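Examination of the molecular architecture
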Amino acid sequence: MSHRAFLVVLFAALALLPIVANQYTLFVGNLMMLYIILALGLNLLVGFAGQLAFANAAMYGIGAYGAALLQVRLGLSYWIAAPCGALLAMAIGTLLAFPALRLSGIYLALATLAFAQFTQWVLLHWTTVTFGAGGFPVPQPDFSSFGVSPDRGIYYVSWVVTIVLLAFAWRVVRSRIGRAFVAMRDREMAAQALGVDLLRYKAMAFALSGFYAGTAGALYPAVLGYVSPEGFDLFQMILHKAMIVVGGMGSIVGSVIGASLLVYLLEVLRQFKATQEIVFGALLLAFVLFQPRGLVEFLKRSVPGWAEPLHYASDSESPADIAVADEVVAGSRGGATR
Amino acid sequence: MLVLSYLLVTGITTGALYALVALGIVVVYKATEVVNLAHGELFMMGGFLAYTLHVMVKLPYVPSLLLAVAGSFAIGILTDRVAFRPLMKEGLVSVLLATIGISFILKGTARVLWGGKGDYLAFPPLVSPEPIRIGNVMIMSQQLVVLLAALAVMLVFAAFFKTTRAGKFMQATASNPRAAALVGIHVSRVYMYTFGVGAAVAGASAVLMAPLTLLYPDIGFALFIKGFAAAVLGGLTSVPGAIIGGLLVGILEQLAAGFIGTTMQDVSAFIIIMFALIVLPTGILGVRGIRKI
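Residues numbered from 1 in each chain as written. Chains lettered and ligands numbered in written order. Predicted model: local features only at pLDDT ≥ 70, side-chain atom pairs only at ≥ 80, totals over all residues.

1. Focus: the overall build of chain A
This is how the line gets drawn: Secondary structure elements follow DSSP: runs of H or I of four or more residues count as helices, runs of E of two or more count as strands, with numbering from the N terminus. For a compact globule the rule gives 2.2 Å times the number of residues to the power 0.38, and the radius of gyration it is set against comes from C-alpha atoms. Here exposure depends only on C-beta density: within 10 Å of a residue's C-beta, 20 or more other C-beta atoms make it buried, 12 or fewer make it exposed, and intermediate numbers make it partly exposed, the C-beta atoms being placed from the backbone. What counts as a contact here is a pair of residues whose C-beta atoms, placed from the backbone, lie within 7 Å.
A count of helical and extended segments in chain A gives 15 helices and 2 strands. For 338 residues, the compact-globule formula gives about 20 Å, and the C-alpha radius of gyration of chain A, at 20 Å, lands near that figure. Projected onto its principal axes, the C-alpha positions of chain A cover 65 × 50 × 40 Å. A burial count over chain A gives 50% of its 338 residues as buried. Across chain A, every contact between residues at least 6 apart in sequence was considered, and the portion connecting residues at least 24 apart equals 75%.

Structure, rendered in structure tokens:
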């Protein structure tokens, strides 16, 4: 089965799900699509552009609160509020790219982590706007003119949005932009020497990822009918990271596989918070250690016809290259132990 | 005036504990160029180990402290063996993701083991809660004990680095691993002990802090953020910087809580991190970093 056929089958199955599903299964299917969007956005930023940022859950929350508050506080219709929420997340995501220009590696990771916690704090404590820790109910959009229930209606909206964003990501990584992302990830200096404008492409990566997370967020209140800060906490951060690592960093199909599998696992473990933390932590650790390129690498090796081009970091580097690089950067980390 | 002195004393006490957390982060970062994202969870585990030994097994405080520190040391070494040593060749992203994985495993484990007894566990105070008067300043005797103990830990730590063979190996490895290997230092073993020492300091600060605050599985990350704010304010590679940074974070958050509003206490660390990283990336005492290609 080729990787394209897999996507077609998966989305055909998702399209047919409402015919057979009860309300709960429908909800899980919808959640799966939300997380596919989130994983795609995060993978563009981390897996392709190589920016290790931790603000994805915050962007998700900003999208959700943006869409929900515009409806509840200003009485806007969902169809106006939702795009505004997604664009708000995209705008804030783009702003995050500016520190990213000065910071890299560990500093970027922790600055974005601090930003994510700051967002969480704002959602909890700016009670006059956000309703605080308890969250608030949001009316679901009305689909009665199409003759479907709100649950089914929003399900099909998510389905269309997910496919559009999937196709868009598919195109982006095969374009000039995607190649610039990969070059930037593998070696910033070299990318710059090749004419990649780092400011422009970093901003683009953060904007894209913010838009994806924001869109998933904007769908969230319509799917759940409720938003609260808990939905966008630290656990979401590890969840999104685990999805792209399990599926495969730098792979579009990997994002889809990782998100689908982990949402299923999340639902199985729904009752036990501690078990969820242990299982997702262990999954992340195990994949980083033993299968760092994710499930897609395994599929590519074992399924004939599975031919998604994967963009690994340092695939072409032979050990000799690394040794030379270590000689140049004398005293670099761990150089002496090899 | 009384309010201000109270805020300052509290700020210095909590600041001293943040300084210890920052110390662990800085020691590991200096040697390995990695921030252990599970550092806060090592702190949390140290606190729960001490709780188990002191409150549940009813050991006296000092042996519980020592055993909890030894336990954190062991978990720190485990972190090195599981996440750092096999992955340091793969690069920073892999190491960071692995340490996040470990932090959630530890957090979930703590929730399973200790979460059933109510979410927040109270650690009994060490001394009577009578305040002591020094000049015009009222200080809780509990705070005084914690402050002195934190100072003692810092001194032991400094002495360890300056005088012992292991401490000198660590300094040598941090300044140049290749040269350290050339003179016969077993670099990866030094990395392992560095992780262990960083964790042990976190464990010690957890045991000191436990009587002042409550213990809960999520405390690790909150403390990690504050320790990291302190470390970054001090330049991330400077041990004196970490201590000054810790005291500054402690005092600033108390002042923010006292004069702006109590909710500001939680958020000041995030603001300090974002401010420090963007405006002052080399910190107060850090050395300007050399950009490596």
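Back to the write-up after that little detour.
2. Observations concerning the overall build of chain B
Along its length, chain B carries 11 helices and 4 strands. Here chain B has a C-alpha radius of gyration of 19 Å; the compact-globule value for 293 residues is 19 Å, and the two agree. Projected onto its principal axes, the C-alpha coordinates of chain B cover approximately 55 × 45 × 35 Å. Scored against the burial criterion, the 293 residues of chain B give a buried share of 54%. Within chain B, residue pairs in contact and separated by at least 24 positions form 74% of the contacts whose partners lie at least 6 positions apart.

3. As for helix 1 (residues 3–20) of chain A
Where we set the bar: Expected span of a helix, by definition, is 1.5 Å for each gap between consecutive residues, and there is one gap fewer than residues. Here the bend at each residue means the angle between axes fitted to two seven-residue stretches, the one ending at that residue and the one beginning there.
Under the 1.5 Å per step criterion, the end-to-end length of helix 1 of chain A is 26 Å for 18 residues, consistent within 8% with the ideal 26 Å. Most pronounced at A:Leu14, the bend in helix 1 of chain A amounts to some 25 degrees, and the proline A:Pro18 follows within four residues.

4. Structural notes on helix 10 (residues 198–224) of chain A
Residues and elements named next belong to chain A. Across its 27 residues, helix 10 extends 38 Å between first and last C-alpha, which sits within 8% of the 39 Å expected from 1.5 Å per residue. Counted residue by residue, helix 10 has 22 buried out of 27 residues, so it is predominantly covered. Once helix 10 finishes, Gly225 follows within two positions and takes phi at roughly 70 degrees, a positive value.

5. Brief notes about the environment of B:Ala242
Residue and element names in this part refer to chain B. With respect to the secondary-structure elements, Ala242 resides in helix 10 (residues 239–259). A residue is classified by how many C-beta atoms lie within 10 Å of it, and Ala242, with 32 of them, is buried. Taking the C-alpha atoms as reference points, Ala242 and Gly24, 218 residues apart in sequence, are found 9.2 Å from one another. If we skip the residues at most four places from it in the chain, Ala242 touches Ala19, Ala22, Leu23, Val26, Ala230, Ala231 and Gly234.

6. Looking at unusual backbone geometry
Across residues other than glycine, the phi torsion is negative in most instances, and most of the peptide bonds are trans. Residues and elements named next belong to chain B. Of note in this structure, Glu33 is not a glycine but carries a positive phi near 60 degrees. Positive phi, normally seen in glycine, also occurs at Leu236, with a value near 70 degrees. Judged by C-beta crowding, with 31 C-beta atoms within 10 Å, Leu236 ranks as buried.

7. Some words on the packing of helix 1 of chain A against helix 7 (residues 150–173) of chain A
All names here are of chain A. Keep this limit in mind: Only the stretch in contact is used when fitting a helix axis, every axis being a line fitted to C-alpha atoms; angles between N-to-C directions are given from 0 to 180 degrees. Orientation is classified from the angle alone, with under 35 degrees giving roughly parallel, over 145 giving roughly antiparallel, 65 to 115 giving roughly perpendicular, and any other angle giving oblique. Here the term charged refers only to Asp, Glu, Lys and Arg, the term nonpolar to Ala, Val, Leu, Ile, Met, Phe, Trp, Tyr, Cys and Pro, and the term polar to all other amino acids, Gly among them.
Their axes nearest at 10 Å, the elements helix 1 and helix 7 cross at an angle of 170 degrees. In terms of their interaxial angle, helix 1 and helix 7 are classed as roughly antiparallel. For the pair helix 1 and helix 7, the contacting residues are Phe11, Leu14, Ala15 and Pro18 in the first and Arg152, Tyr155, Trp159 and Ile163 in the second. In the contact of helix 1 with helix 7, the residues fall into 7 nonpolar, no polar and 1 charged.

8. Let's talk about the environment of A:Asp142
All names here are of chain A. Within the fold, Asp142 resides in the loop between strand 1 (136–137) and helix 7. Exposure remark for Asp142: the 11 C-beta atoms within 10 Å place this residue in the exposed category. Taking C-alpha positions, Asp142 is 9.9 Å from Ser77, a pair spaced 65 residues apart along the chain.

Interpretation note: all reported values are geometric properties and have no functional meaning in isolation.
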